[in-house]
Every structure is written in structure tokens, then in C-alpha cells.
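# Commentary on secondary and tertiary structure
If you want the building blocks of each chain, they are given just below.
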Amino acid sequence: MVKKVLIVDDSRTSRKLLRGLLEGLGYEIAGEAENGEKGVLMYKELKPDLVTMDITMPVMDGITALEKIIAEDKSAKVIMISAAGQKSKLLAAVKAGALDFINKPFEEDLIAQSLKKAFK
Amino acid sequence: MYCKLYSSFLLDKGHISAEQYRLIFKELCSVRVKMGLIAVEMSFMTKEQADEVNRLQAVKDKRFGDIAVEKGYLTEEQVGQLLKLQGNPYMQFTQILVENDILSPEMNTEYLKEYQEENGFTDDELEIIKSGNVDLIVPILVKIEAPWYTYHTGLVIRNLIRFVSTDVSITGVERVKQYTSRHFAYQYMEGDRLVYMGFAGEGNSLLVIAENFGKEEFNGINDDAYDSICEFINCINGLLASQLDKESIDIDIQPPLFADNVDISVDDEGFYVVTVDISGNAVDIVLAIDTALSLR
């Protein structure tokens, strides 16, 4: 069955590039959210197989959104894809329950590997 | 970058025509430098020896280096050196000039000397510029004493070359206290240091970044075009933040912003504007470190 991915990123460009990349890898895009708050709402509504989450976003940042999604569903698969690649962000994401952390500008191979690993 | 800087110099001086300038960049996309030309340039072989090996290559179906070694014109070590230089931008550029009868090797050498003297480059600096190594070139062209500015500029240039266009060159650097622009996309980061970085441009010059990074066409600098530019800025500054993190310098990246018809000013010593030419588009990189920009 085709896996469905929810993309959460405030940048339309980033969402578009990621959508193209993920669809090229055979995934279906369940939806797109432009901030963490919408991301949490859409997760509850759409129940995607996986979420890609940016960190630096207005309204609600990615780490907060990740915490809320995991509180809602402990088995949620969330991969952080962010330009903010500092160690503190990485640790916060892992502590909050992220499966993986990929730095922007993202490379197709790394994303492909990360999603493959998430669905093993 | 060497090719753009030097050929712009040749054009400005009237040593080449506008048509020849365009031809150079058209050829640059597909050239693979012939080993014989590099060998002559490096004084490993004479032109006559290189021509002989080229003729033999056509009939023997052997590689240039192998034939040259057989005939005793080159050593294996020299062939190794030449192989490394084949991707060298200076060599690619020289080949285009010679093969298209734009300049002879002798005239090229003379004009290169003129270029060096006019810019006050040392011999070592000229070799660095010829190498095409952006990280080493930027400090030569961006003579700002604070290493942070030089590093940040290098990061921006490298990523412009990586994601936007290989045709990028630095054309000016200025320290200013006031600056205006029609279009401005930027981001600031705060924490242990306060850092601003943005792109500014007149007309549609910023579209070269928006369209090449975002991989789509835009009808002018609209919100979607700004989004693409802002995401590119976000990626660059993320790399900066990660590097600073390794040096235990903590900065928090804020969401990028954009504005039209901005007037930027500071109360202190000023900030830097590095002008780059990206495929014929003039774009300003605005950089400020530990200086709060006031935008109106």
C-alpha cells in the first residue's frame, strides 16, 4: 500500500520541492501545512503514515508541533527536515520523539534512505 | 568565477568584443580541456610535440598521455598532474580563447599580467583566482578584515554556485550606513551574535535566484518568488548556524522576511553590501554582524 506523507513547512517552495521529491520516490502526499499548529490539526484529521516537519515556523514551531503529535499518537512517525541543524535542535527533536533529522538543503538520497528506514 | 572576472576585464578593456564574450560563455558549458594544451601551458611539452601526439592519437586510438609517455615527451607523474588540471577553469578558459582564435596564448599571458597589475594581485593571489577555488578566492576579492564576513560571503557564493548558477562573480564590496532597494529578502539570527543576511535587487534581478532555486518561473518578484528566495536564504543561514554551533556559538534562526522599497540604516559603523553578478543580473548580498538594521 502506498505510504502517505504529511508535509509541514512554512515555505511554499520547500513544500513544493519536497512534494516533487517524495512523489518521485513513490509516496503519496496526504496534505501540506504551513505551520506547526495546522500540522497538528491535519495530523489528527488525516492520520498520515509519516510527517516531515520543519522547525523554524511562525505560529507554532516544529519541535512544539512534534511534541503535540507524539502526545496524540505515540507511534507517530515524524522526520525533521530543517535548515536549523544545530546540535541543540537535533537533541530537542530526538528527545521529543523524532525518528530522524535531515538538514536543508536536503538531498534526495538522504531523504529516500530516511523514509525507507522509517517504514522498515 | 575566474572566467567571469577575467573575461569582463578583457571586454571592458576592448581586448575582446561583446560577441567573443558571449561565445566564451557558450563554449564554457561544454568544454573539456585537451591535455596537449595544458602540457604546453605547463611547459611540459612544446607545441610541436603536442601537435605530433594529437595527430598520432587520431590514428592510434590511444590516449594522449599514453602516447606522450611512449615517445618520452611526458612522464607518468606529469600525466597525473595534467589529468588533475583538466577540470581547471583557467585551462578551460584558455582553451576557449585559443581554439576560437579570440586571443593567442602570448596575448592572453600579456593581458593576464595587465589584469593582475590593475587589481594589485600578488602572484599567489592570481594563482588562487585561476584555481577557481571559491573559498580561497572570496577573501582576496572581499577584503573585509572581520573573518566572519568573509566566511559568510563565501558560504553565500558557494551556495549560489551550487543552487542558482555557476556564472557568479563578485563585482564590488562596500561598507555603508544607509542602503535602499526595490526588493529585499532577508533573515536575522540572534543569540550569542546578531546576524543579518539578505539579497537585494532592482527590477527583476532577484528572479535569477527565485527561479533557479525554486525550479519554477515567476511573473515578477511576487510573494511566491520571495518565498523561494527566502527559503534559499534560510538554507544558507542554517549552514552558518550549524558551523557556528561547532564553535559553541549559539544563534537562533528567525523566519525569513521580505519587503519592497526598503530603506535600511544603522546608527553605528555600518554594514556590508557585496555586489555579485549572477548570469548578468546584479544582486546585492547584505550582511550585518552585531549591528541592528533599521528597516523602513
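Every value quoted in this text rests on a predicted model; they were computed, and no experiment measured them.

## Let's talk about the overall build of chain B
When helices and strands are tallied, chain B shows 13 helices and eight strands. Considering only C-alpha atoms, chain B reaches an extent of 70 × 45 × 40 Å along its principal axes. Counting only contacts in chain B whose residues sit at least 6 apart along the sequence, the fraction spanning at least 24 positions is 66%. Surface summary for chain B: the accessible area is close to 14000 Å², and the carbon and sulfur share equals 47%. Counting 25 positive and 49 negative side-chain charges, chain B places the centres of these two groups 7 Å from one another.

## A short note on the environment of Glu 145 of chain B
All names here are of chain B. Secondary-structure assignment places Glu 145 in the loop between α10 (134-141) and α11 (147-163). You can call Glu 145 exposed: its relative accessible area is 81%. A C-alpha to C-alpha distance of 32 Å links Glu 145 and Gly 203, two positions 58 residues apart in sequence.

## Looking at the pattern of salt bridges
Side-chain pairing between opposite charges can occur once the charged atoms of the two side chains come close. Enumeration over the complete set of coordinates arrives at 19 salt bridges over all chains. Between Arg 12 of chain A and Asp 224 of chain B there is a salt bridge; the shortest N-O distance is 3.5 Å. A residue pair is termed interchain when its members come from two chains, as with Arg 12 of chain A in helix α1 (residues 12-24) and Asp 224 of chain B in helix α13 (residues 223-246). You can call Arg 12 of chain A partly exposed: its relative accessible area is 24%. Residue Asp 224 of chain B is classed as partly exposed on the basis of its relative accessible area of 32%. Taken together, the shared-partner salt bridges in this structure form one network comprising Asp 9, Asp 54 and Lys 104 of chain A together with Glu 231 of chain B.

## So, the interface of chain B and chain A
Tallying the contact residues gives 23 residues for chain B and 19 residues for chain A. The interface formed by chain B and chain A includes six salt bridges. Measuring nitrogen to oxygen at the nearest pair gives 2.7 Å for the salt bridge that ties Lys 104 of chain A to Glu 231 of chain B. For the pair chain B and chain A, the interface holds 12 residue pairs in polar contact (both at pLDDT 80 or more). Of all elements in the fold, only α11, α12 (207-214), α13 and β4 (251-253) of chain B reach the threshold of two or more residues within the side of chain B that touches chain A. By residue number, the principal contributor to the side of chain B that touches chain A is α13 of chain B, which donates 11 residues. Looking at side-chain class alone, the side of chain B that touches chain A contains nine nonpolar, six polar and eight charged residues.

## Brief notes about the environment of Ala 30 of chain A
Residues and elements named next belong to chain A. Mapped onto the fold, Ala 30 is located in strand β2 (residues 28-33). Separated by 19 residues in the primary sequence, Ala 30 and Asp 49 place their C-alpha atoms 8.8 Å from one another. Leaving out residues up to four positions away in the same chain, Ala 30 has contacts with Lys 4, Val 5, Leu 6, Leu 46 and Pro 48.

## Quick look at the pairing of strand β4 (residues 78-82) of chain A
All names here are of chain A. Where burial is concerned, most of β4 is hidden: five out of the five residues are buried. Relative to β4, strand β3 (residues 50-53) runs parallel, the two being bridged by three bridges. Pairing of Val 51 across the sheet is with Val 78, part of β4. A crossover links β3 with its parallel partner β4, the connecting element being helix α3 (residues 62-72), and its sense is right-handed. Across four bridges, the pairing between β4 and strand β5 (residues 100-103) is parallel.

## Here's the deal with the nonpolar core
Core analysis: the largest hydrophobic core is formed by 90 residues, its most contacted members being Leu 160, Phe 199 and Ile 209 of chain B. Of the residues forming this core, the biggest block, 11 residues, is contributed by α13 of chain B. With near-sequence residues (within four places) excluded, Ile 209 of chain B lies in contact with Leu 160, Val 164, Phe 199, Gly 214, Ser 228, Ile 229, Phe 232, Ile 278 and Val 283 of chain B. Counting 23 residues, the second largest nonpolar core, distinct from the first, contains Ala 33, Val 40, Met 60 and Ile 70 of chain A.

## With respect to α11 of chain B
End to end, α11 of chain B covers 24 Å across 17 residues, agreeing with the expected 24 Å (1.5 Å per residue, within 8%). Residues of α11 of chain B that are buried include every one of Trp 148, Tyr 149, Thr 150, His 152, Thr 153, Gly 154, Leu 155, Val 156, Ile 157, Asn 159 and Leu 160 of chain B, and no others.

## Looking at the packing of α1 of chain A against α13 of chain B
Relative orientation of the contacting elements α1 of chain A and α13 of chain B amounts to 80°, with a least axis distance of 7 Å. Taken together, the axes of α1 of chain A and α13 of chain B are roughly perpendicular relative to one another. Between α1 of chain A and α13 of chain B, the contacting residues are Arg 12, Thr 13 and Ser 14 of chain A on the first element and Asp 224, Asp 227, Ser 228 and Glu 231 of chain B on the second. When its residues are assigned to classes, the contact of α1 of chain A with α13 of chain B shows no nonpolar, three polar and four charged.

## Focus on the confidence of the model for chain B
This prediction gives chain B a mean pLDDT of 88; 96% of its residues lie at or above 70. In the model output, the complex is listed with pTM 0.79 alongside ipTM 0.89.

What counts as what
Residues numbered from 1 in each chain as written. Chains lettered and ligands numbered in written order. Predicted model: local features only at pLDDT ≥ 70, side-chain atom pairs only at ≥ 80, totals over all residues. Heavy atoms only, no water. Helix = DSSP H or I, 4+ residues; strand = E, 2+ residues; numbered from the N terminus. Contact = heavy atoms within 4.5 Å. Areas by Shrake-Rupley, 256 points an atom, 1.4 Å probe, with all protein chains shown as cover. Lys, Arg positive; Asp, Glu negative; His and termini not counted. Charge placed at Lys NZ, Arg CZ, Asp CG, Glu CD. Buried < 20%, exposed > 50% of the residue type's maximum accessible area, 1.4 Å probe, protein only. Salt bridge = Lys/Arg side-chain N within 4 Å of Asp/Glu carboxyl O. Polar contact = N/O pair within 3.5 Å; in protein donor to acceptor, adjacent residues only side chain to side chain. Nonpolar A, V, L, I, M, F, W, Y, C, P; charged D, E, K, R; others polar. Pairing = 2+ DSSP bridges. Right-handed = clockwise from strand over helix to strand, strands pointing away. Core = buried A, V, L, I, M, F, W, Y, C linked by side-chain atoms within 4.5 Å. Expected span 1.5 Å × (residues − 1). Axes fitted to C-alpha atoms, helices over the stretch in contact; angles between N-to-C directions. Parallel < 35°, antiparallel > 145°, perpendicular 65-115°, else oblique. pLDDT = per-residue confidence, 0-100.

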